[in-house]
Each structure stands twice: as C-alpha cells, then as structure tokens.
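Residue-level structure breakdown
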Amino acid sequence: MAGTVEQNLAAQGITLPAPKAPVANYVPFVRTGNLLFVSGQVCLGADGKMIASGKLGGGLSIDDGYAAAKGCGINLLAQVKAAVGDLDKVVRVVRLGGFVNSAPDFLDGPKVLNGASDLMVAAFGDKGRHARTTVGVSALPSDAAVEVEGVFEVE
C-alpha cells in the first residue's frame with residue numbers, strides 16, 4: 001500500500017514514473033548522513049518527452065514553465081523514492097535549486113519554480129516548505145525549459 005505522501009500525490013492525479021538514469025558521468029543522488037542530494041532533473045514527462053522545450057519569455061509562458069517545473073519536481077520525488085524506498089521517510093524538503101531556460105529579459109523565474117515548490121508542499125505539507133534558489137540560464141540540456149535539483153532530510 002502506498003504511504004501518505006504517495007496518497008497525497010495520487011489524490012492530485014500524480015503517479016511517480018520510473019526514475020531516469022543519468023545521461024553523463026554522475027549519479028542520480030548521493031546520501032550523506034541524513035541528507036539526500038538529488039541531481040538536477042529536467043522536465044521529462046512520464047512518456048519520456050519534454051514537457052516544455054525552449055525559453056521562458058521567448059515563446060514559453062509562465063504557465064508552461066510552471067508545468068515544466070512541476071514535472072521536474074515529480075522526477076525529483078521519483079529519485080527520492082528510489083534512494084530511500086518510501087517517500088514517508090522524508091523528514092523535510094531542505095532546498096530546491098531551479099534553473100530556468102530564459103530569454104534575456106525574462107524576470108519571472110521564481111513564478112516558474114513555484115511549480116516544483118507547490119508540489120513539495122502539496123505532497124509533504126509543512127515538511128515540504130524549503131529554501132530555494134532560482135537562476136535564469138541561457139541554455140539547459142536537450143533545450144529543457146526547466147531543471148530542478150533538491151536536498152532532502154531523510155530517516
């Protein structure tokens with residue numbers, strides 16, 4: 001039976017996909033003590049296709065970016081589950097770092113990253129509130145619109 005966190009996700013119509021394998025010389029996560037560092041996850045959907053490609057403010061809307069960031073968050077949670085076996089073992093979402101593929105004049109990266117942040121709060125409640133950094137960048141792998149990394153405290 002799914003734990004509380006996965007039930008919260010299921011109530012929103014979210015099922016975790018199989019975690020994606022790294023595409024270069026790194027591992028998907030590293031655990032040291034009670035901290036789990038999850039490598040950046042791009043906005044691949046469960047079908048393996050990009051949720052959004054290209055630049056925010058250059059053809060993509062804030063809503064497109066929000067959906068992409070939410071997809072990144074779902075992929076982060078898939079990696080966390082692979083690492084610890086049960087999302088109910090997450091004590092706290094500590095930090096998210098987001099990278100937004102941005103046109104030079106796009107200033108709403110924080111609104112985009114709310115897609116991942118809102119997902120964490122919806123899944124974990126107050127334990128999902130976290131510190132965050134949002135950075136606009138000129139390009140991301142495979143022209144992904146968004147990439148998000150995370151740090152989680154786990155049992």
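Let me begin by describing the structure that accompanies this report. (Residues numbered from 1 in each chain as written. Predicted model: local features only at pLDDT ≥ 70, side-chain atom pairs only at ≥ 80, totals over all residues. Heavy atoms only, no water.)

**Brief notes about the nonpolar core**
To be explicit about the condition: Take the buried residues of types Ala, Val, Leu, Ile, Met, Phe, Trp, Tyr and Cys, join any two whose side-chain atoms come within 4.5 Å, and each joined set is a nonpolar core. Throughout, exposure labels follow a simple rule: accessible area from a 1.4 Å probe, protein chains only, divided by the maximum for the residue type, with under 20% read as buried, over 50% as exposed, and the rest as partly exposed. Every helix listed is a DSSP run of H or I at least four residues long, and every strand listed is a run of E at least two residues long, numbered separately from the N terminus. We call two residues contacting when some pair of their heavy atoms lies within 4.5 Å.
Leu9, Leu77, Met120, Val146 and Phe152 are the most contacted members of the largest nonpolar core, which totals 40 residues. Broken down by element, the residue count for this core peaks at 8 residues, all from helix α2 (residues 62-84). Excluding its chain neighbours within four sequence positions, the residues that come into contact with Leu77 are Leu9, Leu16, Leu87, Leu119, Met120, Ala123, Phe124 and Phe152.

**Notes on the packing of helix α1 (residues 4-11) against helix α3 (residues 109-124)**
This is how it is decided: Lines fitted to the C-alpha atoms define the axes, with helices restricted to the stretch that makes contact. Angles between their N-to-C directions range from 0 to 180 degrees. These descriptions rest on fixed angle ranges, namely under 35 degrees for roughly parallel, over 145 for roughly antiparallel, 65 to 115 for roughly perpendicular, and the rest for oblique.
Running from N to C, α1 and α3 cross one another at 120°; their axes reach a closest spacing of 8 Å. Here α1 lies oblique to α3, going by the angle between them. In contact with Val5, Asn8 and Leu9 of α1, α3 contributes Leu119, Ala122, Ala123 and Phe124.

**A word on the pairing of strand β2 (residues 35-42)**
Inclusion rule: Strand pairing follows a simple DSSP-based rule, namely that at least 2 bridges must link the two strands.
Note that strand β1 (residues 29-32) and β2 share 4 bridges and pair antiparallel. If you follow Val30 over to β2, its bridge partner there is Phe37. The hairpin formed by β1 and β2 contains 2 residues between the paired strands, and Gly33 there has a positive phi angle of roughly 60°.

**Focus on the environment of Gly48**
When you line up the elements, Gly48 lands in the loop between β2 and α2. By relative accessible area, which is 44% here, Gly48 ends up partly exposed. Taking the C-alpha atoms as reference, Gly48 lies 9.0 Å from Lys20; in sequence the two are 28 residues apart.

**Side note on the pattern of salt bridges**
What counts, and what does not: Each reported salt bridge corresponds to a side-chain nitrogen of Lys or Arg within 4 Å of a carboxyl oxygen of Asp or Glu.
Throughout the structure, instances matching the rule amount to 4 salt bridges. The partner of Lys81 in a salt bridge is Glu6, and the shortest N-O contact between them spans 3.0 Å. Of this pair, Lys81 sits in helix α2 while Glu6 sits in helix α1, placing them 75 residues apart in sequence. The salt bridge involving Asp108 is made with Lys111; its shortest N-O contact spans 3.7 Å. In this structure Lys111 comes out as partly exposed when scored by relative accessible area, which is 46%.

**Quick word on the sheet that holds strand β5 (residues 146-154)**
If you trace the 5 strands from one edge of the open sheet to the other, you get β1-β2-β5-β3-β4, paired in mixed fashion. Of all strands in the sheet, those with a lone pairing partner are β1 and β4 (131-137), marking the two edges. Ignoring which end each strand starts from, the neighbouring axes of this sheet average 15° apart. The sheet contacts of α3 involve β3 (90-101), β4 and β5, and relative to β3 the element is tilted by about 160°.

**Digging into α2**
For the record, the criterion: Each residue after the first adds 1.5 Å to the expected span of a helix.
Over its 23 residues, α2 extends 33 Å from the first C-alpha to the last, a length consistent with the 33 Å expected when each residue adds 1.5 Å. Of the residues flanking the end of α2, it is Gly85, one or two places downstream, whose phi is positive at about 85°.

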